[in-house]
Amino acid sequence: MSKEESPTLSPHQRQIHNAISFCEDHHWDILAQALKYCWGNGFLDVFRKYFRDHAHLFVGMTHGMNQNEHTLEQHACFTDYLQLYEDQLADYVENHPEGPRASIRDFYQELQEAKDTGHEDPGTAEFIHCLIASADYDSFYSVMVREARKLQAREAMEATAKLSGELPEMAEAKPAAASVRSPAKELDEDEEDAKPGDAKDAK
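Focus: the pattern of salt bridges
In this structure the tally under the stated criterion is three salt bridges. One salt bridge in this structure joins D45 and R48, with 2.9 Å as the shortest N-O distance. Placement of both D45 and R48 in helix α3 (residues 41–53) is noted, with a separation of three residues, approximately one turn of the helix. The closest approach of N and O atoms between E147 and K150, which form a salt bridge, is 2.9 Å. Here the residue E147 and the residue K150 both occupy positions in helix α7 (residues 137–164), the gap between them amounting to three residues, near one helical turn.

Description of the confidence of the model for the protein chain
Here the protein chain averages 80 in pLDDT, while 77% of its residues score no lower than 70. Taking the mean pLDDT of every element in the protein chain, the minimum, 54, falls on helix α8 (residues 183–194) and the maximum, 94, on helix α4 (residues 72–95). pLDDT under 50 marks residues 173–180. Its contacts with residues more than four places away, or in other chains, come to 26 contacts. Note on residues 191–203: pLDDT is under 50 here. Beyond four places in sequence and across chains, it has 61 contacts.

Some details on the packing of α3 against α7
Taken N-terminus to C-terminus, the directions of α3 and α7 make an angle of 65°; their axes are 9 Å apart at the nearest point. In the packing of α3 onto α7, the handedness of the crossing is right-handed. Contact residues: Y50, F51 and R52 in α3; F140, V143, M144 and E147 in α7. A per-class count over the contact of α3 with α7 returns five nonpolar, no polar and two charged.

Let's talk about unusual backbone geometry
Among all residues except glycine, the phi angle is most often negative; among peptide bonds, the trans geometry is most common. For H27, which is not a glycine, the phi torsion comes out positive at approximately 65°. Here H27 is to be found in the loop between α1 (11–25) and α2 (29–38). A residue is classified by how much of its surface remains accessible, and H27, at 62% relative accessible area, is exposed. Notably, R101 is not glycine yet its phi reads approximately 55°, a positive angle. Within the secondary structure layout, R101 lies in the loop between α4 and α5 (104–117).

Considerations on α2
Each α-helix turn comprises 3.6 residues. Residues three or four places apart therefore point the same way. Turning to α2, its buried residues are I30, L31, A32, A34, L35 and C38. For α2, the secondary structure elements touched by its buried residues are α1, α3, α4, α5 and α6 (122–133).

Some words on the nonpolar core
F58, Y81, F107 and F140 are the most contacted members of the largest nonpolar core, which totals 45 residues. Taken together, the elements giving at least two residues each to this core come down to α1, α2, α3, α4, α5, α6 and α7. Considering each element in turn, this core owes the most residues, nine residues, to α4.

What counts, and where the lines are drawn
- Residues numbered from 1 in each chain as written.
- Predicted model: local features only at pLDDT ≥ 70, side-chain atom pairs only at ≥ 80, totals over all residues.
- Heavy atoms only, no water.
- Salt bridge = Lys/Arg side-chain N within 4 Å of Asp/Glu carboxyl O.
- Helix = DSSP H or I, 4+ residues; strand = E, 2+ residues; numbered from the N terminus.
- pLDDT = per-residue confidence, 0-100.
- Contact = heavy atoms within 4.5 Å.
- Axes fitted to C-alpha atoms, helices over the stretch in contact; angles between N-to-C directions.
- Left-handed = near helix turned anticlockwise from the far one by under 90°.
- Nonpolar A, V, L, I, M, F, W, Y, C, P; charged D, E, K, R; others polar.
- Buried < 20%, exposed > 50% of the residue type's maximum accessible area, 1.4 Å probe, protein only.
- Core = buried A, V, L, I, M, F, W, Y, C linked by side-chain atoms within 4.5 Å.

This is how it looks when you write it as structure tokens:
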């Protein structure tokens, strides 16, 4: 394909392309495929739905971590989220027909190797950071507080519409991936750009 025929890459797409090439050059083939998959909306949609479905547990909470008493239900929600994240990643690495079909242990071995040299490529370094950030409760909590506020806003609008006898369609907007992000960080930082997900939206 000629240069004229090649589609222009966005900065995000260029970052993905460079990071994948960097991993492949270092023979981190499992990491390269996982990196591409984790940047895709199909992977992130699972977590966006989880955040929406559990937002009610965080209604009334504020962004200041030290200003709130966190419930057992909220911590259990985070534990379930971690398990979902790890299961989704492991299922792709080990079982997905288009995945590497490798051991999740081999994936983490490549990840460990990349942590020593991945800083040479910004996209790879950010991907590694976000895998680690996904296990951070503070980041998860920040996303859930935002989702709870969005839930309250939707419910308020629906209640107002019912009183006026006219219920508008409430289409859930899907945030666009602006850069490499863990599921929680992806959703949260999209909100920041609107005001690119905000919690440090693996192991």
